[in-house]
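Residue-level listing of the chains:
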Amino acid sequence: MILKKLKNIVSKSESKDNKDDNSENKKSEKLSGKGLLIFKNVKDTINSEKILKKKNYEIKVVAPPAEVREGCDLALQYEIIENIEIIRELKNNGIEVVKSISLEETMLQPIELVKIKKIGDHTMYRSGNMKITLDKNGIISNISGGGCPDVPYLTINLMNKHISNIPENEYPKELGYSLCAYTLHKAFEKAKNHKKN
């Protein structure tokens, strides 16, 4: 009887270790071939994202790990194989990359820019300090956070509208001009795509 219990404990522990190994492997597979571009300021990151998306580079805005941050709370995750082309493209557009880091080598984990939280019948999408909340039907029920002067204007223009019915020229990045508008737009995009699925 005791021997049986011991066997069960050992097999449970082994299966937990295997699960942990699998999740670590999945993380490293996900980051395989990826790098991070670090910039001096938010403006350079935002402009770099626009430039590189127009050129169809596969990039994603993330929050860099604290160990590699250089004063900017945003970074670009990209395909490391395109490192030289991307840095050249940005240099031609007057943008300096402070550092480029291989995530595969360092195993640093960038932080997802948008977090999702269910609150009863509502879903909140948070990016930086900005939050956008949708009810179960996709109506924007709340916008909060940030201290930028354009936040009240963004709130007035987006509140009580169905997220799928908002035209492109009324997206947060089109209406606003601050970092709050940019981070709200990231949350808005996530909410819009999440509602589709």
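Higher on the page you've got the structure.
Starting from 1, residues in each chain are numbered consecutively following that chain's sequence as written. Local features are withheld for residues below a pLDDT of 70 in this predicted model, meaning they are given only at 70 or higher, and side-chain atom pairs are given and counted only at 80 or more; totals for whole chains, interfaces and linings count all residues. As a rule here, side-chain values cover all heavy atoms of the structure and leave hydrogens and water aside.

Visitor: Could you give me a rundown of the overall build of the protein chain, with the residues and numbers involved?
Guide: Secondary structure elements follow DSSP: runs of H or I of four or more residues count as helices, runs of E of two or more count as strands, with numbering from the N terminus. In terms of regular secondary structure, the protein chain is built from seven helices and eight strands. Within the protein chain, contacts between residues separated by at least 24 positions form 60% of all contacts whose residues are at least 6 apart in sequence. For this analysis, residues touch if any pair of their heavy atoms sits within 4.5 Å.

Visitor: Talk me through the environment of Ile87; I want residue IDs and the actual numbers.
Guide: Take Ile87: it is sitting in helix 3 (residues 83-92). For Ile87 and Ser100, which are 13 residues apart along the polypeptide, the C-alpha to C-alpha distance reads 8.9 Å. When near neighbours in sequence (up to four residues on either side) are disregarded, Ile87 contacts Leu37, Val97 and Ser100.

Visitor: Summarise the packing of aromatic side chains; cite the residues concerned and give the values.
Guide: Two rings from Phe, Tyr or Trp (for Trp, the six-membered ring) form a pair when their centres are within 6.5 Å of each other. A pair whose planes differ by under 30 degrees is stacked, one over 60 is edge-to-face, and the rest are tilted. Across all of its chains, the model carries one aromatic pair by this definition. Seen in terms of ring centroids, Tyr171 and Phe188 are 4.9 Å apart; in terms of plane orientation they differ by 55 degrees. Their pairing is tilted. Taken together, the residues span a long stretch of sequence, with Tyr171 in the loop between helix 5 (151-158) and helix 6 (172-175) and Phe188 in helix 7 (residues 179-196) at a distance of 17 residues.

Visitor: For the nonpolar core, give the residues involved together with the corresponding values.
Guide: In terms of nonpolar packing, the biggest core is built from 40 residues, with Leu37, Leu90, Ile132, Ile140 and Phe188 touching the most fellow members. Examining the composition of this core, we find that seven residues originate from one element, helix 7, more than from any other. Dropping the residues within four chain positions of it, Ile132 is found in contact with Thr123, Met124, Tyr125, Ile140, Asn142, Ile143, Leu184, Ala187 and Phe188. Throughout, nonpolar core names a set of buried Ala, Val, Leu, Ile, Met, Phe, Trp, Tyr and Cys residues whose side chains join them through atoms within 4.5 Å. Each residue's exposure class comes from its accessible area (1.4 Å probe, protein chains only) as a fraction of the maximum for that residue type: buried when under 20%, exposed when over 50%, partly exposed otherwise.

Visitor: Residue-level account of the pairing of strand 6 (residues 122-127), with values.
Guide: Across a regular strand the side chains alternate sides, sitting on one face of the sheet and then on the other. Think of it this way: DSSP has to see at least two bridges between two strands before they count as a pair. Summarising the sheet, strand 5 (residues 114-119) and strand 6 pair through six bridges and their orientation is antiparallel. Each residue of the ladder has a partner; that of Ile119, found in strand 6, is His122. Between strand 5 and strand 6, which pair antiparallel and follow one another directly, the connecting turn spans two residues, one of which, Gly120, has a positive phi of 60 degrees. Here five bridges tie strand 6 to strand 7 (residues 130-134), and the two strands are oriented antiparallel to one another. Counted as the bridge partner of Met124 is Thr133 from strand 7. Connecting strand 6 to the next strand, strand 7, in antiparallel fashion are two residues, including Gly128 with a positive phi near 60 degrees.

Visitor: Explain the environment of Ser48 to me, and be specific about the residues and the numbers.
Guide: On the secondary structure map, Ser48 appears in helix 2 (residues 42-54). Ser48 sits in the buried class, given a relative accessible area of 0%. Placed 45 residues apart in sequence, Ser48 and Asn93 show a C-alpha to C-alpha distance of 8.7 Å. Excluding its chain neighbours within four sequence positions, the residues that come into contact with Ser48 are Phe39, Leu76, Leu90 and Ile95.

Visitor: So what about the pattern of salt bridges? Which residues, and what values?
Guide: Opposite charge on two side chains lets them pair, provided their charged atoms get close. Salt bridges are counted wherever a side-chain nitrogen of Lys or Arg sits within 4 Å of a carboxyl oxygen of Asp or Glu. A complete count under the given rule lists seven salt bridges for this structure. Here Lys186 ties to Glu49 by a salt bridge, and the two come within 2.4 Å at their closest N and O atoms. One end of the pair, Lys186, is in helix 7; the other, Glu49, is in helix 2, and 137 residues separate them in sequence. Glu49 shares its class with Lys186; the two are buried. Two residues, Lys161 and Glu170, come together in a salt bridge whose shortest N-O distance is 3.1 Å. Taking the relative accessible area as the measure of exposure, Lys161 reaches 29% and is therefore partly exposed. Overall, the relative accessible area of 25% leaves Glu170 in the partly exposed class. Residues participating in the shared-partner salt-bridge network are Glu49, Lys53, Lys186 and Glu189.

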